[in-house]
Amino acid sequence: MNRVFSLCARMVADRMRAEELTQDVFVRAWEKLHLFRGESSFATWLHRLAVNVVLNDRKTEGRRRNRFEEEDEEHGMDGYIGVVGMPLAPGDLLDLEAAITRLPAGARRVFTLHDVEGYKHEEIAEMLGVTTGATKAQLHRARRLLREALNR
């Protein structure tokens, strides 16, 4: 549960939403357990399921926001950036975590999937429905913004 929550929290940067998504992941895992073929470890299957649940939630939320949000909102998905609220070691790790939560949503997702979770650009592009060039650009942007934030 902690690994799934940690993944959700890094991808959405909102503790309450991450808790809800973690619960959704386990509900979905129970519903889809019969589809687990054993070709990979259960942890790998559950990790992939968690990533899919978060990404599907982001798509659904984006559609809902487009339908119902007021026209004066200009920040889009970046408006949800908040404090993860997870216990962290003091110092640099805390600074890094705070800097990651302040990244724009797209850059944060690509950074988390690539540098934290270890996915390749091709896999991330497929998950997010964008080109590999877009994921590389977002990763470059995320790293640049993190470097600037941490060098202050």
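Located above this text is the structure these notes cover.
Residues numbered from 1 in each chain as written. Predicted model: local features only at pLDDT ≥ 70, side-chain atom pairs only at ≥ 80, totals over all residues. Heavy atoms only, no water.

1. Thoughts on the overall build of the chain
Selection criterion: Only DSSP runs of H or I reaching four residues or more are called helices, and only runs of E reaching two or more are called strands; each is numbered from the N terminus. Contacts between residues were defined by any pair of non-hydrogen atoms, one from each residue, lying within 4.5 Å. Surface exposure here means Shrake-Rupley accessible area, sampled with a 1.4 Å probe, where a residue is shielded only by the protein chains that are shown.
From N to C terminus, the chain includes seven helices and zero strands. Each helix and strand of the chain, ordered N terminal to C terminal, gives the series α-α-α-α-α-α-α. Partitioning the contacts of the chain with sequence separation of at least 6, the portion at a separation of at least 24 is 59%. Approximately 9600 Å² of the chain is accessible, and the part contributed by carbon and sulfur atoms is 52%.

2. Structural notes on the pattern of salt bridges
To keep it simple, the criterion reads: Salt bridges are defined as contacts in which a side-chain nitrogen from Lys or Arg sits within 4 Å of a carboxyl oxygen from Asp or Glu. When a residue's accessible area, from a 1.4 Å probe over protein chains only, is under 20% of the maximum for its type it is buried; when over 50% it is exposed; and in between it is partly exposed.
Applying the stated criterion across every chain, the model contains eight salt bridges. Measuring nitrogen to oxygen at the nearest pair gives 2.4 Å for the salt bridge that ties Arg17 to Asp57. Of this pair, Arg17 sits in helix H2 (residues 15-32) while Asp57 sits in helix H3 (residues 42-68), placing them 40 residues apart in sequence. On the basis of relative accessibility, which here comes to 24%, the residue Arg17 falls in the partly exposed class. Given the relative accessible area of 14%, Asp57 is considered buried. Put simply, Arg17, Glu20 and Asp57 are held in one network by salt bridges that share partners.

3. Regarding the packing of helix H1 (residues 2-12) against H2
A pair of packed helices can be characterised by two numbers: the angle between their axes and the separation between those axes. Just so we agree on the cut-off: Lines fitted to the C-alpha atoms define the axes, with helices restricted to the stretch that makes contact. Angles between their N-to-C directions range from 0 to 180 degrees. Should an angle lie under 35 degrees it is considered roughly parallel, over 145 roughly antiparallel, and from 65 to 115 roughly perpendicular; all remaining angles are considered oblique. Take the far helix as your reference; a near helix turned counterclockwise from it by less than a right angle gives a left-handed crossing, and one turned clockwise gives a right-handed crossing. Under the grouping applied here, Gly and all other residues not named as nonpolar or charged are polar, the nonpolar ones being Ala, Val, Leu, Ile, Met, Phe, Trp, Tyr, Cys and Pro and the charged ones Asp, Glu, Lys and Arg.
Taken N-terminus to C-terminus, the directions of H1 and H2 make an angle of 130°; their axes are 8 Å apart at the nearest point. Viewed along their axes, H1 and H2 adopt a mutual orientation that is oblique. The two elements H1 and H2 meet at a crossing, and its hand is right-handed. Residues Val4, Phe5, Cys8, Ala9 and Val12 of H1 touch H2, and the partners they reach there are Arg15, Arg17, Ala18, Glu19, Leu21, Thr22, Val25 and Phe26. When the residues that make up the contact of H1 with H2 are grouped by side-chain class, the tally is nine nonpolar, one polar and three charged.

4. Looking at the packing of aromatic side chains
In plain terms, the rule: We call Phe, Tyr and Trp rings a pair once their centres come within 6.5 Å, taking the six-membered ring for Trp, and we label the pair stacked below 30 degrees between planes, edge-to-face above 60, and tilted otherwise.
Evaluation of the coordinates by the stated rule reveals three aromatic pairs. Ring geometry for Phe42 versus Trp45: centroids 5.4 Å apart, planes at 35°, classification tilted. A residue pair is termed a helical-turn pair when its members lie 3 or 4 positions apart in one helix, as Phe42 and Trp45 do in helix H3 at three residues. The class of Phe42 is partly exposed, set by a relative accessible area of 39%. Among the aromatic residues, those joined into a cluster by ring pairs are Phe36, Phe42 and Trp45.

5. Comments concerning helix H7 (residues 132-150)
For clarity, the cut-off: What a helix should span is 1.5 Å times the count of its residues minus one. Taken from the helix axis, the directions to the C-beta atoms give the arc we talk about.
Between the first and last C-alpha of H7 there are 27 Å, a value that for 19 residues agrees with the 27 Å anticipated at 1.5 Å per step. For H7, the full list of buried residues reads Thr135, Leu139, Ala142 and Leu146. Angularly, the buried residues of H7 cover 60° about the axis, an arc narrow enough to put them on a single face.

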